[in-house]
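Spelled out from the first residue to the last, the chains are:
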Amino acid sequence: MTRYLIRRFIRSLIIFAAAATAIFFMVRLAPGNPARLYLGLEASPQAIAAKSHELGLDRSLLAQYGSFLGNLVRGDLGTSVRGGESVWSLVLQRAPVTIELTLLAVALSSALAIVLGMLAAAKRDSLRDATIRVGTVVAISIPNFWLALIFVLLFGLWLPGVLPPSGWVSFSSDPIGNLQHAILPVIVLGLPNLAIVTRTLRVSMLETLDHDYVTFGRSRGLGERRLRRAFALPNAVIPTTTVIGLAVGLLISGTVIVEEVFSIPGVGRLMVDSFQEKDYPVAIGATLFVAFAFIVVNFVVDVLYAFLNPRIRDLYARGGLAGA
Amino acid sequence: MPEVSSTLPTGTATQVRADRRPGRVRRVGRRAVAIVNHNRLTRIGFLLTALFVLIAVVGPMILGDGTKQDAGILLSPSGAHPFGTDDLGRDLLTRSVAGSRVSLFVALGSVGLGLLVALPIGLVAGYFGGTWIDELLMGFVDVILALPLFVLGLFLLGITGTGGSQVGPVFVSATLKVVVVIAVGAMPFFARVARAATLNERQEDYVNSLRVLGVPRWKIIFGEVLPNVLPPVMVQAFLWMAIAIFAEAALSFLGLGIQPPEATLGNILSDASSYMLTGAWWYSVLPGAFLSLIIVGLNLVGDGLSDALDPDLRT
């Protein structure tokens, strides 16, 4: 297990380095002098020359790349062009909001998905099963930004006062208000995850119910309900962990959009706003942070999968499965 | 179909062909009809998708490109303007139809580009499965798959600005940038499916027969294996057309994709978001419902295809 952990950890580090490298070279694709990007459009030629030197733009590309990675390792993300604050503090200030929304969305939608997946698998090809299946296709297909706009319309215009249609209050200042503001964004964020996990669990439940050990339990006279819940579910849940990993990608795109539509001050909105304000140090910092979060979550999901799945766990314990 | 027999010495090759070919077209045709009729949902999906393609291709020829500002501002839906008009007095039905053409272009472009890169990778990796060629190609694919592509795509579009970009000697338009970003995201999925299917095909007798007959490897891979690998790849392709249409709309909604005045379903909704609380509900509701129906249709088709090809899974 330790070997597996170390392997996965190194792999995650390499992927983060690849993402950071991609970001470094994409900045070179930006139109104009990077010094101008840092200083804003109104900067004087002298200031740009000075900044170019300060940023090391007069050095070789390789040397610049080296110092970019060096700063990254030291945790130095630079300062905002607009406000002059450190990018780190801006990102960290926004992070709890995004993390709260994402965790609530994953937890609630996964829990509900397990119930729905079980219900669908319990009566295969029944009306209930068909309804749940159609529901998941529709839930995956509805664009999240459109659903968010409909919610704004519904609760901002047609049903004023029922739920706050936009804005945010922190949990520490007003816990109940915080949760009220979280309801709509969490629904929009969680819906695709709900659909994907429901479908995966349904299929894996149907497959598990075909296994001999379940048939054996049935032949011993155990009730269907008990067979599903105590026998099949623990095994059927395992494949869904990998799907939750995939859904993280969707969730990240979701937070950017949800924060934008509902005016929530999270990292996703920081990222999009900083592009619009041409505040590139902040854009780079926020992007690196989101990329980092994505890679960390995938690492955790991988480890969780290996931990939950005894077959993989034992293989690693015996030192097998080389090269994975 | 490339003429395999032309490079082969005798009638044996025709024998191999004859075993596999008779009635191929008719068989594929019958299969296609069976898939369309797979169940009621798949039929609805095909209907929606056919309508979408028809509207996207023919619609703008009749209605125009939706940039004309020739009506009243924010008119609610009526006979003259079934979707109402926007804040600049443009007909929203016309704009939505013009936007659906962009959606179709982005879907075909990004999925096509993704397939163009992924199929050779997946086919070659699968054909040489287990060798260093396979390891190298799939290692590359896996790294791309593990990258946070949405974030990187967002960053690329954000940092290079909303217009076109000059990359070395090549000018890349804003639309093309979006297409490339989505194609990069789709590529690893296509490559993996193509590889898995090729690994199966490799075991088949016809591949061995052709190999024994001395048919060049590239001809076996691209002439004979490729057509048999296509069905599972097409399932992925349909699902990714839905994802591509969503992704373009989302990027344009965030102001990072295709820019106004060119209408796309994403930037119409982006414009609409400023008028949410003025009572102009049609501005966001109708173009968004149109977009949702397009995506539902493609997802139902993808679902039906994967169902018909793999009845055991029924996801």
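Quick caveat, the model's predicted, so the values are computed rather than measured.

Cut-offs applied
- Residues numbered from 1 in each chain as written.
- Chains lettered and ligands numbered in written order.
- Predicted model: local features only at pLDDT ≥ 70, side-chain atom pairs only at ≥ 80, totals over all residues.
- Heavy atoms only, no water.
- Helix = DSSP H or I, 4+ residues; strand = E, 2+ residues; numbered from the N terminus.
- Contact = heavy atoms within 4.5 Å.
- Areas by Shrake-Rupley, 256 points an atom, 1.4 Å probe, with all protein chains shown as cover.
- Phe/Tyr/Trp six-rings, centres within 6.5 Å; stacked < 30°, edge-to-face > 60°.
- Buried < 20%, exposed > 50% of the residue type's maximum accessible area, 1.4 Å probe, protein only.
- Salt bridge = Lys/Arg side-chain N within 4 Å of Asp/Glu carboxyl O.
- Axes fitted to C-alpha atoms, helices over the stretch in contact; angles between N-to-C directions.
- Parallel < 35°, antiparallel > 145°, perpendicular 65-115°, else oblique.
- Left-handed = near helix turned anticlockwise from the far one by under 90°.
- Nonpolar A, V, L, I, M, F, W, Y, C, P; charged D, E, K, R; others polar.
- Polar contact = N/O pair within 3.5 Å; in protein donor to acceptor, adjacent residues only side chain to side chain.
- Domains from an automatic or database assignment.
- Buried area = accessible area lost by both parts, 1.4 Å probe.
- Expected span 1.5 Å × (residues − 1).
- Bend = angle between axes of the 7 residues up to and from the residue.
- Core = buried A, V, L, I, M, F, W, Y, C linked by side-chain atoms within 4.5 Å.

Chemist: Any chance you could break down the overall build of chain B for me, citing the residues and the numbers?
Modeler: Regarding its fold elements, chain B presents 11 helices and 2 strands. In sequence order, the secondary structure elements of chain B are arranged as α-α-α-α-α-α-β-β-α-α-α-α-α. Restricting to contacts in chain B with at least 6 residues of sequence separation, those with at least 24 account for 70%. When the accessible area of chain B is evaluated, it comes to approximately 13,800 Å², of which 66% is carbon and sulfur surface.

Chemist: Pulling in residues and values, what's your account of the packing of aromatic side chains?
Modeler: Here the structure, examined in full by the defined rule, presents 15 aromatic pairs over all chains. Ring centres of B:Tyr127 and B:Phe128 lie 5.4 Å apart, and the angle between their planes is 80 degrees; this geometry places the pair in the edge-to-face category. With respect to burial, B:Tyr127 and B:Phe128 carry one shared label: buried. Measuring from ring centre to ring centre gives 5.4 Å for B:Phe189 and B:Trp240, while their planes differ by 40 degrees; the resulting arrangement is tilted. Highlighted residues: B:Phe189 in helix H7 (residues 174-201) and B:Trp240 in helix H9 (residues 217-253), separated in sequence by 51 residues. With a relative accessible area of 27%, B:Phe189 lands in the partly exposed category. Under the relative-accessibility criterion, B:Trp240 is labelled buried at 12%. Taken together, A:Phe24, A:Phe25, A:Tyr65 and A:Phe68 form an aromatic cluster joined through their ring pairs.

Chemist: Which residues make up the pattern of salt bridges, and what values go with them?
Modeler: Going through the model one piece at a time under the given rule, you end up with 9 salt bridges over all chains. In this structure, the salt-bridge partner of A:Glu224 is A:Arg218, at a minimum N-O distance of 2.6 Å. Here the residues in one salt-bridge network are B:Asp86, B:Arg90 and B:Arg95, joined through shared partners.

Chemist: With reference to specific residues and values, describe the packing of helix H3 (residues 40-63) of chain B against helix H4 (residues 92-127) of chain B.
Modeler: All names here are of chain B. Packing of H3 against H4 leaves a shortest axis separation of 8 Å and a crossing angle of 130 degrees. The angle between the axes of H3 and H4 places the two elements in the oblique class. Classified by chirality, the crossing of H4 by H3 is left-handed. Of the residues in H4, those touching H3 at Phe52, Val53, Ile55, Ala56, Val57, Gly59, Pro60, Met61 and Leu63 are Leu93, Thr94, Val97, Ala98, Ser100, Arg101, Ser103 and Leu104. A breakdown of the residues in the contact of H3 with H4 according to their chemical character gives 12 nonpolar, 4 polar and 1 charged.

Chemist: For the interface of chain B and chain A, give the residues involved together with the corresponding values.
Modeler: On the chain A side, the residues contacting the 43 residues of chain B number 52 residues. Linking chain B with chain A are 1 salt bridge. Across the salt bridge formed by A:Arg199 and B:Asp303, the nearest N and O atoms sit 2.7 Å from each other. In this structure, the connection of chain B to chain A is made through 5 residue pairs in polar contact (both at pLDDT 80 or more). Secondary structure elements with two or more residues in the side of chain B that touches chain A: helix H5 (132-146), helix H6 (149-159), H9 and helix H11 (281-309) of chain B. By residue number, the principal contributor to the side of chain B that touches chain A is H11(B), which donates 13 residues. The class makeup of the residues in the side of chain B that touches chain A is 29 nonpolar, 9 polar and 5 charged.

Chemist: Hey, could you go over the packing of helix H10 (residues 265-272) of chain B against H11(B) for me, with residue numbers and the actual values?
Modeler: Residues and elements named next belong to chain B. Relative orientation of the contacting elements H10 and H11 amounts to 155 degrees, with a least axis distance of 9 Å. Classed by the angle they form, the pair H10 and H11 counts as roughly antiparallel. Considering how the two elements wind past one another, H10 and H11 form a crossing that is left-handed. Mapping the contact onto sequence places Leu265, Ile268, Leu269, Asp271 and Ala272 in H10 and Tyr283, Ser284, Pro287, Gly288, Phe290, Leu291 and Ile294 in H11.

Chemist: Go over the domain arrangement of chain A with me, naming the residues and quoting the values.
Modeler: All names here are of chain A. Split into domains, chain A comes out as domain 1 (2-73) and domain 2 (92-318). Distance from the C-alpha centre of domain 1 to the C-alpha centre of domain 2: 33 Å. The interface is formed by 14 residues belonging to domain 1 together with 13 residues belonging to domain 2. With both chains or domains summed, domain 1 and domain 2 bury close to 1,400 Å², and 84% of this area falls on carbon and sulfur atoms. For the interface between domain 1 and domain 2, the tally reads 1 salt bridge. Taken together, domain 1 and domain 2 are joined by 2 residue pairs in polar contact (both at pLDDT 80 or more). Counting residues per element, the ones that place at least two in the side of domain 1 that touches domain 2 are helix H1 (2-29), helix H2 (34-39) and helix H4 (61-74). Here the side of domain 1 that touches domain 2 gets 10 residues from one element, more than from any other, and that element is H1.

Chemist: Explain H7(B) to me, and be specific about the residues and the numbers.
Modeler: Taking 1.5 Å per residue, 28 residues should reach 40 Å; H7(B) reaches 40 Å between its end C-alpha atoms and fits that length. Helix geometry: H7(B) is bent most strongly at B:Ala186, by close to 35 degrees, with proline B:Pro188 lying one to four residues after it.

Chemist: So, the side chain of B:Arg95: which residues are in play, and what are the values?
Modeler: Residues and elements named next belong to chain B. Along the polypeptide, Arg95 turns up in helix H4. Given the relative accessible area of 1%, Arg95 is considered buried. Apart from residues no more than four positions distant in its own chain, Arg95 is found in contact with Gly66, Thr67, Asp86, Arg90, Pro261, Glu262, Ala263, Asn267, Ile268 and Asp271.

Chemist: Describe the side chain of B:Thr264, with residues and values.
Modeler: Residues and elements named next belong to chain B. Counting through the fold element by element, Thr264 comes out in the loop between H9 and H10. With relative accessibility at 0%, the residue Thr264 sits in the buried group. If we ignore the near neighbours within four places in the chain, the residues touching Thr264 are Gly99, Val102, Glu248, Ser252 and Ile258.

Chemist: So what's going on with the nonpolar core? Residues and values would help.
Modeler: Core analysis: the largest hydrophobic core is formed by 143 residues, its most contacted members being A:Phe145, A:Phe262, A:Leu288, B:Phe155, B:Ile245 and B:Leu291. For this core, the element with the highest residue contribution is H9(B), accounting for 19 residues. Residue-level mapping places this core at the junction of two domains, with at least three residues from each of domain 1 (2-73) and domain 2 (92-318) of chain A. Counting 11 residues, the second largest nonpolar core, distinct from the first, contains A:Met118, A:Leu206, A:Leu209 and A:Leu233.

Chemist: Explain the environment of A:Thr242 residue by residue, including any values.
Modeler: Residues and elements named next belong to chain A. By the secondary structure assignment, Thr242 is in helix H11 (residues 238-261). For Thr242, a relative accessible area of 34% puts it in the partly exposed group. A C-alpha to C-alpha distance of 9.8 Å links Thr242 and Val197, two positions 45 residues apart in sequence.

Chemist: Which residues make up H6(B), and what values do they have?
Modeler: Most of H6(B) sits out of view: 9 of its 11 residues are buried. For H6(B), every residue scored as buried is listed here: B:Val151, B:Leu152, B:Gly153, B:Leu154, B:Phe155, B:Leu156, B:Leu157, B:Gly158 and B:Ile159.

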